[in-house]
Amino acid sequence: MVETLIDKCPRIETERLVLRKWEERDLDGMDEMNSDPRVMEFFPDVMSRDESAHMLERMMAKQADLGFACPVVEDRASGRFLGFCGLNIPTYPKPLPFDPCVEIGWRLIPDAWGKGIAQEAARIWLGFGFETLEVDEIVSFTTETNLRSQKLMQRLGMTRNPADDFNHQMLEDDHPLVRHVLYRLTKDRFESVSKS
């Protein structure tokens, strides 16, 4: 599957957003986002500028290899970096219990919260994943305490089976964020939710 995805992810513009690939100029925006304790509440820690630079390098390398890596969300009017939202193939050093998978994920600066931006971008990329990339299922996961992200997953039509919940393999078993929930979405479910 993944070898067929290169260069298939387009630049998409909506009335208020630009969804595009990562560029080197995104480091300042990524650093602002990743160093904000509100944004990183459900991650082990805030990130330094060097750590954000390494993350940007990884994102750009992955999009060069696969065609996508949670694309950038930008304000169309101002060009301001708002964060990222889109499809990704997780590549942790230790595999997830449900690998291989295609996930949808997001992370936005606080100024972009509560405006439907993540939902708008996610719906576009879910449609792209099912219709253009022809994937069978898209997943999303977060810590069990991140209720905001879980509510978005539910609004997108994703469903959770508690039997699929898992301890994230990159965290120690006693870490307060180790327990994660998994949401799934099939093409049929996406189409049925999109029509309602």
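Criteria and thresholds
Residues take numbers from 1 onward in each chain, read along the sequence in its written order. At least 70 in pLDDT is required for a residue's local features to be given in this predicted model, at least 80 for side-chain atom pairs to be given and counted, and no such filter applies to totals for whole chains, interfaces and linings, which use all residues. Computation of side-chain values covers all heavy atoms of the structure but excludes hydrogens and water. Ring pairs shown here join Phe, Tyr and Trp side chains whose ring centres sit within 6.5 Å, with only the six-membered ring taken for Trp; geometry is labelled stacked below 30 degrees between planes, edge-to-face above 60, and tilted in between. Strands here are runs of E lasting at least two residues and helices are runs of H or I lasting at least four, both read from the DSSP assignment and numbered beginning at the N terminus. Per-residue accessibility, obtained with a 1.4 Å probe over protein chains only, is compared with the maximum for each type, and a residue is labelled buried under 20%, exposed over 50%, and partly exposed between these values. Only one rule defines a salt bridge in this text: a Lys or Arg side-chain nitrogen within 4 Å of an Asp or Glu carboxyl oxygen. Here the axes come from fitting lines to C-alpha atoms, over the contacting stretch only for helices, and the angles between their N-to-C directions go from 0 to 180 degrees. Throughout this description, any angle smaller than 35 degrees is read as roughly parallel, any larger than 145 degrees as roughly antiparallel, any in the 65 to 115 degree range as roughly perpendicular, and the remainder as oblique. Note: crossing handedness is left-handed where the near helix turns anticlockwise from the far helix by less than a right angle, and right-handed where it turns clockwise. Working rule for contacts: check all heavy atoms of both residues, and any pair within 4.5 Å makes them a contact. Multiplying 1.5 Å by the residue count of a helix minus one yields the expected span of that helix. Residues enter a nonpolar core if they are buried and are Ala, Val, Leu, Ile, Met, Phe, Trp, Tyr or Cys, with the set joined through side-chain atoms within 4.5 Å. Throughout this description, a polar contact denotes any pair of N or O atoms lying within 3.5 Å of each other; where both atoms belong to protein, one of them has to be capable of donating a hydrogen while the other can accept it, and for residues adjacent in sequence the pair is counted only when both atoms sit in side chains.

## Some thoughts on the packing of aromatic side chains
For step 1, the next point in the chain: By the definition in use, this model includes 7 aromatic pairs.
For step 2, the next point in the chain: Considering the side-chain rings of F98 and F166, the 5.2 Å spacing of their centres and the 75 degrees angle between planes classify their relative orientation as edge-to-face. Residue F98 is found in the loop between β4 (81-88) and β5 (103-108), and its partner F166 is found in strand β8 (residues 166-167); the two are separated by 68 residues along the sequence. Assigned by exposure class, F98 and F166 land together as buried.

## Here's the deal with the pattern of salt bridges
For step 1, the next point in the chain: Taken as a whole, this structure holds 16 salt bridges when the rule is applied.
For step 2, the next point in the chain: Between R80 and D111 there is a salt bridge, and its shortest N-O distance comes to 2.8 Å. Taken together, the residues span a long stretch of sequence, with R80 in the loop between β3 (72-75) and β4 and D111 in the loop between β5 and α3 (117-131) at a distance of 31 residues.
For step 3, the next point in the chain: Take D111: its relative accessible area is 45%, and that puts it in the partly exposed class.
For step 4, the next point in the chain: A network of salt bridges, in which partner residues are shared, links R20, E23, R25, D26 and E74.

## Here we look at the packing of α3 against helix α5 (residues 187-195)
For step 1, the next point in the chain: Relative orientation of the contacting elements α3 and α5 amounts to 135 degrees, with a least axis distance of 10 Å. Taken as axis vectors, α3 and α5 run oblique relative to one another. Of the two elements, α3 crosses α5, and the hand of that crossing is left-handed. Two secondary-structure elements touch here, α3 through R123, L126, G127, F130 and E131 and α5 through K187, F190 and V193.

## Describing α3
For step 1, the next point in the chain: When the terminal C-alpha atoms of α3 are compared, their 21 Å separation across 15 residues agrees well with the 21 Å that a helix rising 1.5 Å per residue should span.
For step 2, the next point in the chain: For α3, the set of buried residues is I117, A118, A121, A122, W125, L126, G127, F128, G129 and F130.

## Observations concerning the environment of D173
For step 1, the next point in the chain: One can find D173 in the loop between β8 and β9 (179-186).
For step 2, the next point in the chain: Apart from residues lying up to four places away in sequence, D173 is in contact with N167 and V178.

## Details of the nonpolar core
For step 1, the next point in the chain: In terms of nonpolar packing, the biggest core is built from 50 residues, with W22, V73, L87, I104, W106 and L126 touching the most fellow members.
For step 2, the next point in the chain: Take this core: its biggest share by element is 8 residues, from α3.
For step 3, the next point in the chain: If we skip the residues at most four places from it in the chain, V73 touches L17, V18, L19, R80, F81, L82, G83, F84, C85, L108, I117 and A121.
For step 4, the next point in the chain: Of all hydrophobic cores here, the second largest spans 7 residues; its members include F98, C101, F141 and L182.

## Details of the packing of helix α1 (residues 27-34) against helix α2 (residues 49-66)
For step 1, the next point in the chain: For the pair α1 and α2, interaxial distance at closest approach is 9 Å and the crossing angle is 125 degrees. Looking at the two axes, α1 sits oblique to α2. Crossing geometry of α1 relative to α2 is assigned as right-handed. Taking contact as the criterion, the partners of L27, D28, M30, D31 and N34 in α1 are, on α2, R49, S52, A53, M55 and L56.

## Quick look at the side chain of Q63
For step 1, the next point in the chain: Here Q63 shows up in helix α2.
For step 2, the next point in the chain: Residue class for Q63 comes out buried when judged on its relative accessible area of 10%.
For step 3, the next point in the chain: Of the polar contacts made by the side chain of Q63, one reaches the backbone oxygen of W22; its length is 2.8 Å.
For step 4, the next point in the chain: If we ignore the near neighbours within four places in the chain, the residues touching Q63 are K21, W22, F68 and A69.

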